[in-house]
Amino acid sequence: PSWRALTGQTYRQMQGIGWLDVVHPEERQRVLRQTRRALGLEQSFNLEYRLWAADHSYRHISLKAVPVLSESGALLEWVMAHSDITEQKNHDREQAERTRLLTVRTYIAELLTRSDDLHLILQRCTEALVQNLQVGLAQIWSSEENGDLHLESSAGEFDRAPQSAQERPEVRWV
C-alpha cells in the first residue's frame, strides 16, 4: 500500500522528517540515525521498525531502500518499499513461545524419569521455570490436605515468597 494508505499521513505531513511522527517513539532515534547514515552514504539499506498505522495500531514494517544513480554515479532518486511484516512477526513470536514451552516440558519430563528424589525434581523444575519462562519467582509445594502439588510463579509481581497459605494464589499443577 501507499504510505498514506498505511499511515494515514498526507504528503504534506510526511515531508521532511514528518514521516518520523508515525514511527514508534522507542524506535524514532534509531530509525532516524540509521536512515540518515544510509542516505548520506547513498547505500541500499534494510530497516525494521514499528509504526502507527491508519487503523490505529502499531505494525511491524520492513523497509528496503535502493538509490537510483545516473551513469556518472550521481544520485537521481531513492526507491523505497515498505512491507507490513506484523503477521510474520506474530507467527515467529508464537512459534518461539511454543518451542520454549516444549523445551521446558521436555526438560521436566526428563527430570521426572531420571530421579526418584522429589526434592531435587522440584528444585530443578523451579529452576527451569525461572530460567526458561522469564519469571522472577517460582515455587512448587504440596498441599497438606490432599497432597496435590501447587505451582506459583511471578514475572516480578512478588518481591518475596508468600509466607502463608492465604497469600498463595490458588494455582494447581496436576
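About the thresholds
Residues numbered from 1 in each chain as written. Predicted model: local features only at pLDDT ≥ 70, side-chain atom pairs only at ≥ 80, totals over all residues. Heavy atoms only, no water. Helix = DSSP H or I, 4+ residues; strand = E, 2+ residues; numbered from the N terminus. Contact = heavy atoms within 4.5 Å. Pairing = 2+ DSSP bridges. Axes fitted to C-alpha atoms, helices over the stretch in contact; angles between N-to-C directions.

(A) Representation of unusual backbone geometry within the structure. Even without a glycine there, the phi angle at E42 is positive, about 55 degrees. Residue placement: E42 occurs in the loop between α3 (28-41) and β1 (45-52). Phi at H56 takes a positive value of approximately 65 degrees, unusual for a residue other than glycine. Tracing the backbone through its elements, the reader meets H56 in the loop between β1 and β2 (58-69).

(B) Broad picture of the environment of I121. Mapped onto the fold, I121 is located in helix α5 (residues 118-132). Linking I121 and L111, residues ten residues apart in sequence, is a C-alpha distance of 6.1 Å. Contact partners of I121, with chain neighbours within four places excluded, come to L111, L112 and S115.

(C) Highlighting the sheet that holds β2. Here we have three strands laid out as an open sheet, ordered β1-β2-β3, and antiparallel in their pairing. One side of each edge strand has no neighbouring strand; the edge strands of this open sheet are β1 and β3 (75-84). With strand direction ignored, the average angle separating the axes of adjacent strands in the sheet is 30 degrees. Looking at chain direction, β2 and β3 are connected through nine bridges and run antiparallel. Note on β3: the bridge partner recorded for P67 is W78.

Coordinates in, geometry out; function isn't part of it.
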